[in-house]
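If you want the building blocks of each chain, they are given just below.
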Amino acid sequence: MKLPSSSATDLNKKNMEHMVSMKDFSVEEMDRMMELMSYLKEARQDNAIPQLFKGKSVAMIFEAGSTRTRVSFEVAATLLGGHALFLSPKDIHLGGKESIDDTSRVLSRMCDIIMARTNSPETLDGLLKMSTVPVINGLDTRFHPTQMLADLFTIKEHITDGRALSDLTLAFMGDATDVCRSLMLTCAKYGMGFKQIGPKKYHMEQAWIDLAEAFCAESGGHIEITDDVDQIRDCDVVYGDSFYWVTQTDEKAERLAAFMPDYVITEELMAKAKPGAMLLHCLPANDQEEITRGALESEYSVAFDEAENRLTAQMAILVYFTHKHTHLPSADVVKKHEAKIGDFLKTL
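Residues numbered from 1 in each chain as written. Predicted model: local features only at pLDDT ≥ 70, side-chain atom pairs only at ≥ 80, totals over all residues. Heavy atoms only, no water.

**Structural notes on the packing of aromatic side chains**
Counted by the stated rule, this structure contains eight aromatic pairs. Each ring, one from phenylalanine 259 and one from tyrosine 263, has its centre 6.2 Å from the other, and the planes form 80 degrees; the classification is edge-to-face. Overall, the relative accessible area of 0% leaves phenylalanine 259 in the buried class. The buried category is assigned to tyrosine 263, whose relative accessible area is 7%. Here the aromatic cluster, defined as three or more aromatic residues joined through ring pairs, consists of Tyr202, Phe243, Phe259 and Tyr263. Over the ring of phenylalanine 86 we find arginine 70; its NZ or CZ atom is 3.7 Å from the centre of that ring. Lysine 189 extends its terminal NZ or CZ atom over the ring of phenylalanine 215, reaching a point 4.8 Å from the ring centre. (Phe/Tyr/Trp six-rings, centres within 6.5 Å; stacked < 30°, edge-to-face > 60°. Buried < 20%, exposed > 50% of the residue type's maximum accessible area, 1.4 Å probe, protein only. Lys NZ or Arg CZ within 6 Å of the ring centre and 35° of its normal.)

**Some remarks on unusual backbone geometry**
Following methionine 260, the chain continues into proline 261 via a peptide bond in cis, with omega recorded as 5 degrees. When you line up the elements, proline 261 lands in the loop between helix H8 (252–259) and helix H9 (267–270). Leucine 283 connects to proline 284 through a cis peptide bond whose omega is 5 degrees. By the element assignment, proline 284 lies in the loop between strand E9 (278–281) and helix H10 (293–296). Positive phi is not limited to glycine here, since asparagine 47 has a value of about 55 degrees. By the element assignment, asparagine 47 lies in the loop between helix H1 (27–45) and strand E1 (57–62). The backbone of glutamine 288 shows a phi angle near 65 degrees, a positive value even though the residue is not glycine. (Helix = DSSP H or I, 4+ residues; strand = E, 2+ residues; numbered from the N terminus.)

**Some details on the pairing of strand E6 (residues 193–197)**
Of all the five residues making up E6, five are buried; the element is thus mostly covered by neighbouring parts of the structure. Burial along E6 is two-sided: the face carrying Gly193, Lys195 and Ile197 and the face carrying Phe194 and Gln196 are both buried. In this structure, strand E5 (residues 169–173) lies alongside E6, joined through five bridges in parallel fashion. From the neighbouring strand, methionine 173 faces E6, where its bridge partner is isoleucine 197. (Pairing = 2+ DSSP bridges.)

**Some remarks on the pairing of strand E7 (residues 222–226)**
Consecutive side chains along a regular strand alternate between the two faces of the sheet. As paired elements, E6 and E7 share five bridges and run parallel to each other. Paired with lysine 195 across the strands is glutamate 224, a residue of E7. Once the chain exits E6 it traverses helix H7 (residues 206–219) before rejoining the sheet at E7, and the crossover so formed is right-handed. (Right-handed = clockwise from strand over helix to strand, strands pointing away.)

**Looking at the UniProt feature "domain: Aspartate/ornithine carbamoyltransferase Asp/Orn-binding" (unreviewed entry) in the chain**
Those residues carrying the UniProt feature "domain: Aspartate/ornithine carbamoyltransferase Asp/Orn-binding" (unreviewed entry) are residues 167–320 in this numbering. Span residues 167–320 is 40% helix and 15% strand, its end C-alpha atoms 27 Å apart. (UniProt positions renumbered as here; feature names shortened; annotations may be inferred.)

**Some thoughts on the sheet that holds strand E4 (residues 135–139)**
Pairing between the strands of a sheet is mediated by backbone hydrogen bonds and can be parallel or antiparallel. A sheet is described by the order of its strands in space; here four strands give the open sequence E2-E1-E3-E4, paired in parallel fashion. Of all strands in the sheet, those bounded by a partner on one side alone are strand E2 (83–87) and E4. Between one strand axis and the next, the sheet turns by 20 degrees as a mean value, whatever way the strands run. Strand contacts of helix H3 (residues 100–110): E1, E2 and strand E3 (113–117), with the helix running at about 140 degrees to E3, the strand carrying the most contacts. (Axes fitted to C-alpha atoms, helices over the stretch in contact; angles between N-to-C directions. Contact = heavy atoms within 4.5 Å.)

Listed below in structure tokens is the structure:
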């Protein structure tokens, strides 16, 4: 016999949303998320953040290491009145002694939201399969949606001349990473121009380009994949990322030889972009590899504003994906349980 869960989160709810990739959301939905970000950021500046995650917990699964993702989600939960649990492979039996399916089911019974930063799509997909609470992709090998939300918000914050996102072109310097893929698809949704600039060997896979171009057909955006560094000249935003990731250290020498020095973001390279172009980097930055310290610290760099907005994004995500299904008790219900439990404690 199945018994009802005691969780205050409505399990097996209808219309539950997960956050796997920004490509799954409409422009209107993404705009609403960013509007919520703006309200929460204003509240943080006034030290008056509403306790919209009070009594809730987020399970944070980390197969891969992290600075910004871990800290931003943990601080976001705290600022909103909730709690975050850091769960590494050493802490839980994920996919080892316990199946991913069962881990997902158990966490769903105890927590209100699951965030997972995984080394493979299979882990994330397994969590999605059985979860009865929203699952947030904190990064897998395909997508990085929480980074995208922070990036879009940061770009909008720094547009001071009234242009819309659809008026901009973004150049991504480097490899076809999860960030590159996510940016391409998100820009295509918004009708922005997107360019991946890097060696041909490391260009984006055609299947993803085809999907982005399908989005562009509806939005009016445009995609260009090129090895020509001079194509940065009409770009309003330049974006940097590592030329290799922790799982690619055996390829480090080969990759650096392919990308350096032509595709390194330097102050000289930034001078070739549009006047007033801004510089983003998802961090961590490898000095003198994909970016120079001079460029990163320049007046046109918004990389650390972007990093801070990871916190703004995570606050919005925790609220956006849980607020519809929260059961807020009436004062009478609270008093009823206080009295019942209080009467029992008197007997002990």
